[in-house]
Number of protein chains: 2
Amino acid sequence: MAAALTLALRGQRVTAPNPNVGCMLVRAGHVVGRGWTQAGGRPHAEAMALDEAGEAARGATAYVTLEPCAHESARGPACANLLIAAGVARVVVAMRDPDPRTDGKGIARLEAAGIAVTTGIGEAEAQRTIAGFLTRRFKGRPHVTLKLATSLDGCIALANGESRWITGPEARAHAHLERARHEAILIGRGTLERDAPRLDVRLPGLESRAPRRILLSARTADGWHMISQPSAIATLVGVDHLLVEGGALTAATFLRADMVDRVLLYRAPVLLGGKPGIADLGLTELGGAHGRWQLTDTRMLGSDRLEVYERASKRDSE
Amino acid sequence: MAAALTLALRGQRVTAPNPNVGCMLVRAGHVVGRGWTQAGGRPHAEAMALDEAGEAARGATAYVTLEPCAHESARGPACANLLIAAGVARVVVAMRDPDPRTDGKGIARLEAAGIAVTTGIGEAEAQRTIAGFLTRRFKGRPHVTLKLATSLDGCIALANGESRWITGPEARAHAHLERARHEAILIGRGTLERDAPRLDVRLPGLESRAPRRILLSARTADGWHMISQPSAIATLVGVDHLLVEGGALTAATFLRADMVDRVLLYRAPVLLGGKPGIADLGLTELGGAHGRWQLTDTRMLGSDRLEVYERASKRDSE
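Keep in mind it's a predicted model, so treat the numbers as computed, not measured.

With that settled, the discussion passes to the overall build of chain A. The number of helices and strands found in chain A is 10 helices and 15 strands. Taking 2.2 N^0.38 as the reference for a compact globule, 318 residues should give roughly 20 Å; the C-alpha atoms of chain A span a radius of gyration of 22 Å, in line with that estimate. Along the three orthogonal principal directions, the C-alpha set of chain A runs to about 70 × 45 × 40 Å. Put simply, chain A has 318 residues, and 54% of those count as buried. The contacts in chain A between residues at least 6 apart in sequence include a share of 72% that link residues at least 24 apart. Distance between charge centroids for chain A: 2 Å, based on 40 positive and 34 negative side chains.

Pasting the structure below:
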């Protein structure tokens, strides 16, 4: 399933309106087919993997990151039917398809055809893989990641505004990779006027993946798409993943609106006593602050540490 | 040597004016003697271990956390002489004694008597074990630990001042254990007036280890020893380990004076957007902030994480 999830990531940002899915076909210990949702959403991952496997699919086990679809469409056949027709013996599914046209019907159809189905394997990772799709579907807005690059004491700049650089080159390169994974990137008016950031992707081979630039502001600016409040991100067409890069007021505005799903916290081993990374959130009691975030990944990047936090409750993550 | 270092810790806070040293005697794979500097500084660790070993010390290896002393005093004989007289075959030393009355002379005397001496094993840990003694000796002041209990964004309170609790019970219990390791604890006037903290040790069996309470302030307060600036900590008699507990102005004052040797950073997985843990440090360029701190320990305490940072350069750590 881990390999199937990696295949699913190949479709990130390009499979809309469909979710990016991965599929591995294994027979007698050998991989006989691999597929992932193609640009524009078709072919589906299962169709591509079955096509590669041909006759070898008979008796194989299919690992799919999302329940195979049960609905035919003008764009292609239902994947559940394709798997049955190919004679697959077993299907392992990471998560059910929340699309009401499938939502359990794909699994039921496979089982009715005598195929053994296992579900829930790698579910959390699968949800993470299509977080943009799920958030767009259930909250009607992009999945929002807040990026913070701070000192140990949570500062993003010295008192005089100096902020280059707090984190080192490895952390900054990783932040550029994260930019490439998002369709759009947002900053506030203060950051625009102070830093005039390019917000491009300065990584070899990924230069063309620079996200669209969004400005949170009451006034327009040349070359920027402008929104006046966080809820307006719902109107951003073709944006399922939004990266919020700052500054402190913008971060606080999105947190207050409860529109942050994931936090990338790059921390450098310095103490600055400077400008905080998040402006006043307006909290009046501490109880409400607890239990909202869980650490889902951490790694060293040079002498800096990256911590990734996501919404703690399952209910909120969808 | 690890076991000898653990023995050395038994003397922490009680061996002044002598450093707390540990000694293990091992012969043919068996521990034959264990010793640690006793309250008031005598007997020394080696004398105690040799006393326990008796004749078994002949041909044994001695592991000592500090170079055996070469100077006799009215309070007892030189440990180098005791080891030679006992017929020890080998001595492993973690670090040289910086006391000019020894400083290599103990090792030289052992070698002159035909004893094999190895030095530098566990040196960093040994220095840490007697950090208070070393800082008092070389900087003429106590070793200073700054304790911060913050949110992920570096806040120690909400904007309205609410600060109970950011970290959980496990982190708070650990902070009380750290209190018990310090002879004195310091806060600023703001913390006194806002929180009126008891600063006691609320751990079973350690209640009597509550440190002396020091106030950084221009005005006196009942029950508190008052100092008006960080440099005055040099005058605190019997204090080799000082814990600075806040608030933000006090932390900044000690950092600006370059009088923080160690930082205990307890971090709770919450975002607060509230009051920063460190007030303006007056830094004007980022280059100077880098390379000052190194992470020396980290562990989970419930859902919080403790990170311990120490001065990065060896020169500064003594």
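Before going further, it helps to examine the relation of the copies chain B and chain A. Least-squares fitting of chain B to chain A yields an RMSD of 0.1 Å, with the transformation described by 0.1 Å of translation along the axis and a rotation of 180°. What the rotation and shift describe, once combined, is the action of a two-fold rotation axis. By C-alpha distance to the rotation axis, the residue of chain B lying nearest is G154 of chain B, at 2.2 Å.

Here we come to the interface of chain B and chain A. Between chain B and chain A, the residue contacts involve 34 residues of the former and 34 residues of the latter. With both sides pooled, the region where chain B packs onto chain A buries about 3100 Å², and carbon together with sulfur makes up 64% of that total. When the area that chain B buries against chain A is broken down by residue, the three leading residues are L152, L271 and L286 of chain B, summing to 21%. Inspection of the chain B/chain A interface yields 2 salt bridges.

Once that is clear, we can look at the packing of aromatic side chains. All names here are of chain A. As enumerated under the stated definition, the model contains 0 aromatic pairs over all chains in all. Above the face of the W36 ring, R10 is positioned so that its terminal group lies 4.3 Å from the ring centre. The positively charged end of R172 is found above the aromatic ring belonging to W165, 4.1 Å away from the centroid.

With that settled, the discussion passes to the state of the cysteines. Residue and element names in this part refer to chain A. What the rule picks out here adds up to 0 disulfides over all chains. Of all cysteine sulfurs in the structure, the one in C79 sits closest to C23, which takes part in no disulfide; the separation is 8.3 Å. Given the relative accessible area of 0%, C23 is considered buried. Of the residues examined, C79 reaches a relative accessible area of 1% and is grouped as buried.

Turning next to helix α4 (residues 105-112) of chain A. Residues and elements named next belong to chain A. Of all the positions in α4, only G106, I107 and L110 are classed as buried. Angularly, the buried residues of α4 cover 95° about the axis, an arc narrow enough to put them on a single face. Where α4 is buried, its residues touch α3 (79-85), β4 (90-93) and β5 (116-119).

Right, let's talk about the pattern of salt bridges for a bit. A complete count under the given rule lists 40 salt bridges over all chains for this structure. Two residues, D200 of chain A and R202 of chain A, come together in a salt bridge whose shortest N-O distance is 2.7 Å. Judged by its relative accessible area of 43%, R202 of chain A falls in the partly exposed class. The salt bridge partner of R311 of chain B is D261 of chain B, with a shortest N-O separation of 2.9 Å. Residue R311 of chain B is found in strand β15 (residues 304-311), and its partner D261 of chain B is found in the loop between α9 (248-256) and β12 (262-267); the two are separated by 50 residues along the sequence.

In terms of nonpolar packing, the biggest core is built from 37 residues, with L25, L50, L83, V88, V91 and L110 of chain B touching the most fellow members. The element contributing the most residues to this core is helix α2 (residues 45-53) of chain B, with 4 residues. In this structure, V91 of chain B is in contact with A62, V64, P68, L83, L110, I115, A116, V117 and T118 of chain B, ignoring residues within four places of it in sequence. In terms of nonpolar packing, the next biggest core, distinct from the first, is built from 36 residues, L5, C23, M24 and V88 of chain A among them.

Glancing now at the UniProt feature "binding site: substrate" (unreviewed entry) in chain A. Residue and element names in this part refer to chain A. Per the UniProt record, "binding site: substrate" (unreviewed entry) is found at S163, R179, R202 and E245. Along the chain, R202 falls in the loop between α8 (189-195) and β9 (212-216). Sequence-distant contacts of R202, that is, excluding residues within four places in its chain, are made with H176 and R179. Residue placement: E245 occurs in strand β11 (residues 241-246). In this view, E245 contacts K147, R179, I185, L186, I187 and L199; residues no more than four positions away in its chain are not counted. Polar side-chain contacts of E245 include one of 2.8 Å to the side chain of R179.

Turning our eyes to something else, we now look at the environment of W36 of chain A. Residues and elements named next belong to chain A. Locating W36 in the fold gives a position in strand β2 (residues 30-36). Overall, W36 belongs to the buried group, its relative accessible area being 16%. When the C-alpha positions of W36 and M48 are compared, they lie 6.9 Å apart, and in sequence the two are 12 residues distant.

Here we come to helix α1 (residues 2-9) of chain B. All names here are of chain B. For α1, every residue scored as buried is listed here: A4, L5, L7 and A8. The buried residues of α1 occupy one face: seen down the axis, they fall within an arc of 155°. Considering only its buried residues, α1 is in contact with β1 (22-27), β2 (30-36), β3 (61-64) and α5 (123-129).

For the rest of this paragraph, the subject is the sheet that holds strand β1 (residues 22-27) of chain A. Residues and elements named next belong to chain A. Strand order in the open sheet made by the 5 strands is β2-β1-β3-β4-β5, with mixed pairing throughout. Strand pairing shows two members of the sheet lacking a second neighbour, β2 and β5, which therefore form its edges. Taking the axes of each pair of neighbouring strands and ignoring which way they run, one obtains an average angle of 15° across the sheet. Seen against the sheet, helix α2 (residues 45-53) touches β1, β2 and β3 (61-64) and runs at an angle of roughly 140° to β2.

Let us look at the side chain of T250 of chain A. All names here are of chain A. Mapped onto the fold, T250 is located in helix α9 (residues 248-256). With a relative accessible area of 5%, T250 lands in the buried category. Within the structure, the side chain of T250 is placed 3.4 Å from the backbone nitrogen of G188, a separation counted as a polar contact. For T250, the contacting residues outside a window of four places in its chain are L186, I187, G188, L216 and V244.

As a further point, take the pairing of β2 of chain B. All names here are of chain B. Sheet analysis places β1 next to β2, joined by 6 bridges and oriented antiparallel. Following the sheet pairing, V26 is matched in β2 by V31. The hairpin formed by β1 and β2 contains 2 residues between the paired strands, and A28 there has a positive phi angle of roughly 50°.

A word on the sheet that holds strand β4 (residues 90-93) of chain B. Residue and element names in this part refer to chain B. One open sheet holds the 5 strands; their spatial order is β2-β1-β3-β4-β5, and the pairing between them is mixed. Edge positions in the sheet fall to β2 and β5 (116-119), since each has one partner strand and no second. Averaged over all adjacent pairs, the angle separating strand axes in this sheet is 15°, with direction ignored. Pairing of β3 with β4, which is carried by 4 bridges, proceeds in the parallel orientation. Residue A62 lies in a different strand from β4, and its bridge partner there is V91. Relative to the sheet, α1 contacts β1, β2 and β3, its axis offset from that of β1 by approximately 145°.

Cut-offs and rules
Residues numbered from 1 in each chain as written. Chains lettered and ligands numbered in written order. Predicted model: local features only at pLDDT ≥ 70, side-chain atom pairs only at ≥ 80, totals over all residues. Heavy atoms only, no water. Helix = DSSP H or I, 4+ residues; strand = E, 2+ residues; numbered from the N terminus. Rg over C-alpha atoms; globule rule 2.2 N^0.38 Å. Buried < 20%, exposed > 50% of the residue type's maximum accessible area, 1.4 Å probe, protein only. Contact = heavy atoms within 4.5 Å. Lys, Arg positive; Asp, Glu negative; His and termini not counted. Charge placed at Lys NZ, Arg CZ, Asp CG, Glu CD. Least-squares fit on C-alpha atoms with pLDDT ≥ 70 in both. Buried area = accessible area lost by both parts, 1.4 Å probe. Salt bridge = Lys/Arg side-chain N within 4 Å of Asp/Glu carboxyl O. Phe/Tyr/Trp six-rings, centres within 6.5 Å; stacked < 30°, edge-to-face > 60°. Lys NZ or Arg CZ within 6 Å of the ring centre and 35° of its normal. Disulfide = S-S within 2.5 Å. Arc of directions from axis to C-beta. Core = buried A, V, L, I, M, F, W, Y, C linked by side-chain atoms within 4.5 Å. UniProt positions renumbered as here; feature names shortened; annotations may be inferred. Polar contact = N/O pair within 3.5 Å; in protein donor to acceptor, adjacent residues only side chain to side chain. Pairing = 2+ DSSP bridges. Axes fitted to C-alpha atoms, helices over the stretch in contact; angles between N-to-C directions.

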